[in-house]
Amino acid sequence: MELSEEDLRLINALQISPRLSWSDAGQVLGVHATTLAARWDRLREAGAAWTTSHLTGDPKNMCLAMVDVDCEMHLRPDVTAALAELPEIITVEEAASNRDLTLTVITRDLEQFSTQLLPRLKEIRGLTKYHTALCTRIHISGYAWRLNVLTKAEQQALRALAGPEAIPLGPESTAAPLPESHLALIPFLARDGRATAADIARALGRNPATVQRQLGRVLASGTLSFRCEIAQQFSGFPVTIQWFANVPAGRHEAAAIESRAIRNVRFAASTTGRTNFTIIMWLRSLAEVLEMELTVQQRIPGIELVESVVMLNTAKRVGWMLNPDSTATGEVVAPYAELLPDGI
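As a starting point, this report considers the structure included with it. Predicted, not measured: the structure shown is a model, and the values here were computed from it.

Comments concerning the packing of aromatic side chains
A complete count under the given rule lists 3 aromatic pairs for this structure. Each member of the aromatic cluster is reached from another via a ring pair, and the members are Trp145, Phe237 and Trp282. Positioned over the ring face of Trp22 is Arg194, at 4.1 Å from the centre of the ring. Residue placement shows Arg266 over the ring face of Trp282; its charged tip is 3.9 Å from the ring centre.

Here it is, written out as structure tokens:
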């Protein structure tokens, strides 16, 4: 399968506004709404693109951890599969050096991570060692990554049409509490970030008007991060690399601002552990690694790039199970209401 320029334009539009109506999208893109809907159905069915939502992992509300795993070589596929089946582990990637796998984990709090998740890691046959870094602040997340195939005018028009779910909470904001009755909507939004109130109401056997009000509150709460994903092989950026770095005390916010100016960045966060800052990028080729290292060092004075790690394969990305070619299988294994903080 190959993606056309029109396919990429549609995906870019949904990256900016994941729940954009087809009629609004059609007005901006100059394509009939039914054509866009049919195109999106084709992309989803092929696993080439999908919309989803996931718990933000904001350290103010929950625990976000990055775990390096070593395992017995001949059991690596089994370990990978076992880890991907744990809902708290939202991302599983195979690394090229110094660790076998890297995991992204979201739990309700540090206690749940320590007393419930870690014991399950120890039970996995073939898993020999793990090392944990805890996220203390998220600076950039994958929802903000863009294909950038639309014109600036089109992007501006789409941002104006975006709903509250497309606007992330500020660094000092916290997620608004949600009643327990609203939590049942979360799994549907993880499987389809564009799920409608009518769809959810039918599945839950609830009144559509009630679910519409509940959905509006969930979208505006800041509890979930919405995004439109693309299979990496179709993105034009097939290489994933993660840098582990040290940034001087008091320079993390400045480093975050400079990181946001680098379009390749998918994730940046301050962490605990052997290093205190991490940056993840998608690149066009391995030849870009040195170029991007130089860019980072020029933009962020005082940063020390301690280690770079290329990812060989992604088995699971923010809850979605992936095929070896990076397309989505359609299976979603992600944390839901039971992992939300008390009162949310």
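Considerations on the pattern of salt bridges
Taken as a whole and judged by the stated rule, the model has 19 salt bridges. The partner of Glu88 in a salt bridge is Arg120, and the shortest N-O contact between them spans 2.5 Å. Of this pair, Glu88 sits in the loop between α4 (76-84) and β3 (89-95) while Arg120 is found in helix α5 (residues 110-122), placing the two residues 32 residues apart along the sequence. Given the relative accessible area of 7%, Glu88 is considered buried. Classification of Arg120 as partly exposed rests on a relative accessible area of 26%. What you see here is one network of salt bridges that share partners, running through Asp68, Arg99, Arg274 and Glu307.

Details of helix α11 (residues 252-260)
Of the positions making up α11, those classed as buried are His252, Ala255, Ala256 and Ser259. Along the long axis of α11, the arc covered by the buried residues comes to 100°, so they all point the same way.

Considering the nonpolar core
Leu3, Leu10, Ile11, Trp22, Trp40, Leu43 and Ile230 are the most contacted members of the largest nonpolar core, which totals 29 residues. Secondary structure elements with two or more residues in this core: α1 (5-16), α2 (22-29), α3 (33-45) and β6 (224-230). Looking at this core, the element that brings in the most residues is α1, giving 6 residues. Once residues lying within four places of it in the same chain are set aside, the contact partners of Leu10 are Trp22, Leu29, Leu36, Arg39, Trp40 and Leu43. In terms of nonpolar packing, the next biggest core, distinct from the first, is built from 26 residues, Ile106, Ala201, Leu215 and Ile280 among them.

Focus on unusual backbone geometry
A positive phi angle, close to 65°, is found at Asn98, a residue other than glycine. Take Asn98: it is sitting in the loop between β3 and β4 (101-107). Non-glycine residue Ser326 carries a positive phi angle of around 80°. Inspection of the secondary structure assignment puts Ser326 in the loop between β11 (320-322) and β12 (328-332). Residue class for Ser326 comes out buried when judged on its relative accessible area of 12%.

Some words on the side chain of Thr51
Structurally, Thr51 can be placed in strand β1 (residues 49-55). Among the polar contacts made by the side chain of Thr51, one reaches the side chain of Asp192 at a distance of 3.2 Å. Apart from the residues lying within four places of it in its own chain, the contact partners of Thr51 are Pro18, Trp40, Ala190, Arg191, Asp192, Gly193, Arg194, Arg227, Cys228 and Trp320.

Brief notes about helix α6 (residues 152-161)
If you check which residues of α6 are buried, you get Glu154, Gln155 and Leu158. Around the axis of α6, the buried residues are gathered within 100° of arc, so they sit on the same side. Turned more than 90 degrees away from the buried face of α6, the exposed residues are Lys152, Ala153, Gln156 and Ala160. As for α6, its buried residues are in contact with α1 and α2.

Parameters and conventions
Residues numbered from 1 in each chain as written. Predicted model: local features only at pLDDT ≥ 70, side-chain atom pairs only at ≥ 80, totals over all residues. Heavy atoms only, no water. Phe/Tyr/Trp six-rings, centres within 6.5 Å; stacked < 30°, edge-to-face > 60°. Lys NZ or Arg CZ within 6 Å of the ring centre and 35° of its normal. Salt bridge = Lys/Arg side-chain N within 4 Å of Asp/Glu carboxyl O. Helix = DSSP H or I, 4+ residues; strand = E, 2+ residues; numbered from the N terminus. Buried < 20%, exposed > 50% of the residue type's maximum accessible area, 1.4 Å probe, protein only. Arc of directions from axis to C-beta. Core = buried A, V, L, I, M, F, W, Y, C linked by side-chain atoms within 4.5 Å. Contact = heavy atoms within 4.5 Å. Polar contact = N/O pair within 3.5 Å; in protein donor to acceptor, adjacent residues only side chain to side chain.

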